[in-house]
Amino acid sequence: MVEKAATSVRDAMRDHVVVPSQDMTNLGRTAQPVLTHAEGIYVHTEDGRKLIDGPAGMWCAQVGYGRKEIAEAMAEQAMTLPYVSPWYWAASPAARLAQKIAGMTPGDLNRIFFTTGGSTAVDTAVRFTEFFNNVLGRPEKKKIIARIDGYHGSTSLSAALTGRRDNWSNFDVATDRVSFLSSPNPRHAGNRTQAEFLDDLVKEFEDRIATLGADTIAAFIAEPILASGGVIIPPEGYHARFKAICEKHDILYISDEVVTGFGRCGEWFASEKVFGVVPDIITFAKGVTSGYVPLGGVAISEAVLARVSGENAKDSWFNNGYTYSNQPVACAAALANIDIMEREGIVDHAREMAGHFAAGLQSLADLPGVADVRSVGLVGCVQCQLNADRVDATAEDKAFARLVDERCFQLGLIVRPMGTLCVISPPLVITKEQIDEIVAILRQAITDAGAKYGLSRVAEPVEG
């Protein structure tokens, strides 16, 4: 192997790394921009630019960058006990973290299974439904109900549950066990009221159960908000009504809180206090360590577990696990992260900032080129389209949104571009002044892009 001396990071990325969502046409021809360091809500590029990290990495940098407490906790654990086999040994970080999380989850979701991230958390949750029904003597009860626009991960199993069709291109996705319901996107209501739209969504679920047979359906899986599907916020009461139907038919309700957990919506978990539902299973990841190291997990109801454990176990074993389940360094990072969040009141702060964040984004709603604005807690998006009334975006709409994204970057703000959406989910430590700066940059970027498409210019210029 020949190693090039003094190879730049950009060259090494271009020549040797396959990135997520790799453009195969340009493999080996292009490389991503290089970040060198970060602090607070800001990241720095190799050419000396300082940018607001609008997406908080990938919805995960809750406490912001440069928190020495987390790094020190990781280093101390790595020097004390960096790894134990989760099959044979216990270590205190996983035990203490599970106890901590059990105190945050709703209802009786007190038993925690740790995984390596969000995808493996969802994979584990679905595998548990298989185990659950097999032990109960119901081998035919295996289908999963998911939703168009939902996103649940990148393992083969979790990807099969993902209702974003563009994620499936050129893959063989095992969908024979998965049935997709309509997206609960309020923009799809048409001439219906939101109450009528919700009634129709509920009826669709009931009809699907009748068609498939309740005795074939293991679980319904739902993100509280469909994050990667476009920050889609279902109509009020959606989750509670779906949970009631699940209970009626003995269908497990899985709440995928990989994005919404750990303060993103102003609560440790969003399911109960924000969306009015106590699930049977919750999946989590991302914010549990603020992205400092990979970790995910599944919280399972004691009532559900009681049906397949103890005298009801029938000598069964839940033979699911990962080399890095209960990983001591990752669990130590999570404990330090949660300690920071509790000590500094970051979840309360996120809840307090949510109104200012929503108002700031909403102030952009009347700009030419803005089709919709929506947010919950500290996750939101601005939908940029040339024709605001279009439900399905055109290629020109997407080109316009890309121009907005590029202009935001030039002005000092990273947004997560998804189709026609500019997604913002900043670190939870963000201040009102920093929110105002984000809104000002978005306003300028949308106006500048609009001017190139002949839309009216109404913004005051932002330096950058």
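Now for a quick tour of the structure.

What counts, and where the lines are drawn
Residues numbered from 1 in each chain as written. Predicted model: local features only at pLDDT ≥ 70, side-chain atom pairs only at ≥ 80, totals over all residues. Heavy atoms only, no water. Patch = residues over 30% accessible without salt bridge, like charges linked within 9 Å, V, L, I, M, F, W, Y side chains within 5 Å. Areas by Shrake-Rupley, 256 points an atom, 1.4 Å probe, with all protein chains shown as cover. Salt bridge = Lys/Arg side-chain N within 4 Å of Asp/Glu carboxyl O. Helix = DSSP H or I, 4+ residues; strand = E, 2+ residues; numbered from the N terminus. Axes fitted to C-alpha atoms, helices over the stretch in contact; angles between N-to-C directions. Parallel < 35°, antiparallel > 145°, perpendicular 65-115°, else oblique. Left-handed = near helix turned anticlockwise from the far one by under 90°. Contact = heavy atoms within 4.5 Å. Nonpolar A, V, L, I, M, F, W, Y, C, P; charged D, E, K, R; others polar. Core = buried A, V, L, I, M, F, W, Y, C linked by side-chain atoms within 4.5 Å. Buried < 20%, exposed > 50% of the residue type's maximum accessible area, 1.4 Å probe, protein only. Phe/Tyr/Trp six-rings, centres within 6.5 Å; stacked < 30°, edge-to-face > 60°. Lys NZ or Arg CZ within 6 Å of the ring centre and 35° of its normal.

## A few points about a nonpolar patch on the surface
Argument step 1. Taken together, the side chains of Val18, Met24 and Leu27 define a hydrophobic patch exposed on the protein surface, amounting to about 310 Å² of accessible area.
Argument step 2. Relative to the helices and strands, valine 18 is located in the loop between helix H1 (9-16) and strand S1 (35-39).

## A look at the packing of helix H12 (residues 395-411) against helix H13 (residues 432-452)
Argument step 1. Where H12 contacts H13, the two axes come as close as 8 Å, and the packing angle between them is 130°. Classified by the angle between their axes, H12 and H13 sit oblique to one another. The way H12 lies across H13 gives a crossing that is right-handed. Counted together, Phe400, Leu403, Val404, Arg407, Cys408 and Leu411 of H12 and Ile441, Leu442, Gln444, Ala445, Ile446, Asp448, Ala449, Gly450 and Lys452 of H13 form the full contact between these two elements.
Argument step 2. Residue classes in the contact of H12 with H13 are distributed as 10 nonpolar, 2 polar and 3 charged.

## Some thoughts on the nonpolar core
Argument step 1. Within the largest apolar cluster, 66 residues are counted, with the highest numbers of intra-cluster contacts made by Phe114 and Leu442.
Argument step 2. In terms of residue count, helix H10 (residues 328-343) provides more of this core than any other element does, 10 residues in total.
Argument step 3. Residues within four places of phenylalanine 114 in sequence aside, it is in contact with Ala94, Leu97, Ala98, Ile101, Phe284, Leu295, Gly296, Gly297, Ser325, Asn326 and Cys331.

## Structural notes on the packing of aromatic side chains
Argument step 1. For the structure shown, the criterion picks out 17 aromatic pairs.
Argument step 2. Note on phenylalanine 113 and phenylalanine 318: the rings are 6.0 Å apart at their centroids and 70° apart in plane angle, and the pair reads as edge-to-face. With phenylalanine 113 in strand S4 (residues 111-115) and phenylalanine 318 in the loop between helix H9 (302-306) and H10, this pair connects stretches of sequence that are 205 residues apart.
Argument step 3. Where phenylalanine 128 meets phenylalanine 132, the ring centres are 5.9 Å apart and the plane angle is 35°; that geometry is what we call tilted. Within this pair, phenylalanine 128 and its partner phenylalanine 132 are both found in helix H5 (residues 118-135), separated by 4 residues, close to a single helical turn. Here phenylalanine 128 matches phenylalanine 132 in class, with each residue buried.
Argument step 4. One residue, arginine 49, lies across the ring of phenylalanine 409, its end atom 5.1 Å from the ring centre.
Argument step 5. For the cation-ring pair, lysine 50 lies above tyrosine 42, with the distance from its terminal atom to the ring centre recorded as 4.3 Å.

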